[in-house]
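Per-entry structural report
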Amino acid sequence: MIYQVYPTTDQTYDISGLKQAESLFRIRKLNEAIALLEKSIPKYEDETKITTLSKAYLLLSSILIKKYQYFGDKTCLPKAKKYIRHTIELCKSKGEAELLAEAYLIQSKIRQHLKKDEKESLKKAKKIVDQLDNKYLQVKWMLFSVELDINDNNLTKAHETAHDAIVQIEQVSDELRADLEANLYASLVSIFIKQQDYIKSVEYNQLVLQYANAFGDVEKELMALNNMAIIHSLKGEYGEAMEYLFEALDRSKEINFRAQVAKSLINLGSIYAQLFNSQEAIKKYNTVLEEFTDVLEPTTEVILYNNLGNIHFESEDLNIAKQYYTQSLQAAQASNYSEMFAHLNAQLAKCAIKQEKLEEGVSYCKIASKLFNENPNLSGYQIHLINLGQIDFHQGKIDSAKWFLSKGLDQATKRDDRNMEIICFEALSNVYKKEGNFRKAVAYQDQYLEYSRALQLKKQNLQILDLEISQVIKDKQRRIEQLIKDNEYKALLLKQSERIATQNQALKEINEELRQYAYVTSHDLREPLRMISNFSNLLEKKYKNQLGEESEEYFQYIDEGVNRINTLLEDLLKYTTIGNAHVELSQVHLRDVIDIAKLHLKIKIEESAATFNIGAMPIVYSNQSLLIQLVQNLISNAIKFKKANTTPTIKISSEEDEISYIISITDNGIGIPKDQLKRIFIIFQRLHPRETHEGTGIGLAICKKIVKKIGGEIWVKSTVNVGTTMSFSIPKVGMEF
């Protein structure tokens, strides 16, 4: 059971440097937490607050250890070691037993990283814990002990201690229990993985994930993801394993946990190696060795070089394999990883024998023999025995060769080393062939061929699986990239939509201001114009008998100017107010529209003696008032721009396509020059002087605005001195306004 920890009401000292540092540590702002504690510790030293100072030292040591785990900062462990030494001295002098036990536990963790005397510190902590009635410290000590036993491969003892911890943890308060419980479950997962109990390992791993999700503990989540990858890998479920590892890799990068990034890359490399994808395995291992050596445990570096040597040996790149085995041995010697000394000497001997450099092989074998004689349980013993057998064979020592090779085969079988079994079968076949025992020679040769074929088949199957996994990963990556692009595109669209909405609102406000301005301007200007006209008329009447012809002409100019400005203001007001109000749609018979427009233009039509040829007109779904204004303007222009001494003939026709009705109004007037056609719909663009044709240059701009408002288009065809056809379309389906 995982318990959620809630803050208590007694948090009066949360503003202290210690509590602030704890908060920063929880969210892994490590540098900020360290800086805050280093600033606060001198104050605690001056105030001689021993308990607070000891807690500050313990916290700072823990943060430094975590920083080392995250970033591989080699300066962190010596600093942590110094602060723990100060804590131990303080606690001993003041009899702070509980803090002293904590200090020894943290010292054990530091020494574990330094590979030195970690068990000694754990024993000291145990001695103090046994004298205290503190279940929390008892369980914490058990967890440290379990971790060391797992590292030593003492799984039975680790399991027993973990079981005892499960019993003891029930007596720990809920406030302190959750993190201990999660760490305990994580240790059990490691034990069950090594014992190949996959059911229990998955069960406890789910509990670790439950804790990670409940508390937002990304480190525990990463631990659980890596464990799931290991479980699936050991079960041969490589696709599932890689999914977990890629997720762990991404999450590690998100929080800049370099040690976990390296761990995920190493595990991916190991899976690629198992899938015989040597190229990807080498790439992952080299990435770690080139970019993450600062966060690698020295032992891990040894293993990586050894793994790279194995890959190149299997590819028969023997010189490169020797280089990596040599680097591995040098790293092992530098880190005092003595368990690998014998193994790596055996690996180097194996390369030398394969290259038929027997003296070199004998030299490495002598070193390995001394180490294996002291401890035959060290890894690589099967390699060493087979090496000795092959050397004796080349030196003609047949009986000795048979003995070493037989022992080597037993060890290879026991350790499930299929590659060394195959090498041994071939070597035994050669030995018995040289001895003249052809029956046994053939038997071992058959086994060599059988195992080789089986291994080759396994290799082919795994390589096919690798291709399938790679394809799935690529497809998933493409989907992720597409999702990212889609999200970025949607975000861009949203941003543009918001920008357009803002611009539309601004435009709407500007249009409204322009409409009001035009209305007010036309209203305010027309008032003084009426005054000018009225007083001009009064003056003309009062002084009519005294005015000459020139004065009467001046008064006529005044009247014409006033009328022209009035007309301009009326047209401008019409243009600015078209479409500002909501447009009501209804069924409109275009013949009625034409008849009403003609009625409004009755005087002009009679004065010009214009004749009409009106074809069949459709019923449309539009706005009648706007259509009347549109048709009236177009007919008015057809009359206005007639040819001299020619009676206007106006033809109004209709046609339709799939989406609209097209209405055309054709005249026999003066026409429009081709180079002027683009200007006629622009407001205030006059093509003729006022002396020949009156007007304001707004009429066709109004027509264009009306047509746009009803969802159609307007265009013109014209030939000078022949006539003009103005056409506009009306959608068959009503537009939304």
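Conventions we followed
Residues numbered from 1 in each chain as written. Predicted model: local features only at pLDDT ≥ 70, side-chain atom pairs only at ≥ 80, totals over all residues. Heavy atoms only, no water. Helix = DSSP H or I, 4+ residues; strand = E, 2+ residues; numbered from the N terminus. Buried < 20%, exposed > 50% of the residue type's maximum accessible area, 1.4 Å probe, protein only. Contact = heavy atoms within 4.5 Å. Areas by Shrake-Rupley, 256 points an atom, 1.4 Å probe, with all protein chains shown as cover. Expected span 1.5 Å × (residues − 1). Pairing = 2+ DSSP bridges. Axes fitted to C-alpha atoms, helices over the stretch in contact; angles between N-to-C directions.

Here we come to the overall build of the chain. A count of helical and extended segments in the chain gives 27 helices and 7 strands. Taking all 737 residues of the chain together, the buried fraction comes to 43%. At a minimum sequence separation of 6, the contacts of the chain that also span at least 24 residues come to 62%. For the chain, the accessible surface area stands at approximately 40,700 Å², while carbon and sulfur atoms represent 51% of it.

On to helix α21 (residues 418-435). Taking 1.5 Å of rise per residue, the 18 residues of α21 would be expected to cover 26 Å, and the 26 Å separating its terminal C-alpha atoms lies within 8% of that figure. Of the residues making up α21, those classed as buried are M420, E421, I422, C424, F425, A427, L428, S429, V431 and Y432. G436 occupies a position one or two residues after α21 and carries a positive phi of about 95°.

What follows covers the sheet that holds strand β4 (residues 649-656). Within a sheet, each strand pairs with its neighbour through backbone hydrogen bonds, oriented either parallel or antiparallel. On the basis of which strands lie adjacent, the open sheet formed by 5 strands has the order β2-β4-β5-β7-β6 and mixed pairing. Across the chains shown, the open sheet's two edge strands, defined by having one partner strand only, are β2 (611-614) and β6 (714-719). Geometrically, the sheet is characterised by an average inter-axis angle of 15° between neighbouring strands, direction not taken into account. Two elements, β2 and β4, share 4 bridges in a ladder whose sense is parallel. In the sheet register, F612 faces β4, and the bridge partner there is I650. The strands touched by helix α26 (residues 624-640) are β2, β4, β5 (660-666) and β7 (723-731); relative to β7, the strand with the most contacts, the crossing angle is about 170°.

Our focus in this paragraph is the side chain of S54. With respect to the helices and strands, the residue S54 is situated in helix α3 (residues 50-71). Note on S54: relative accessible area 0%, which makes it buried. When near neighbours in sequence (up to four residues on either side) are disregarded, S54 contacts T87, L90, C91 and L99.

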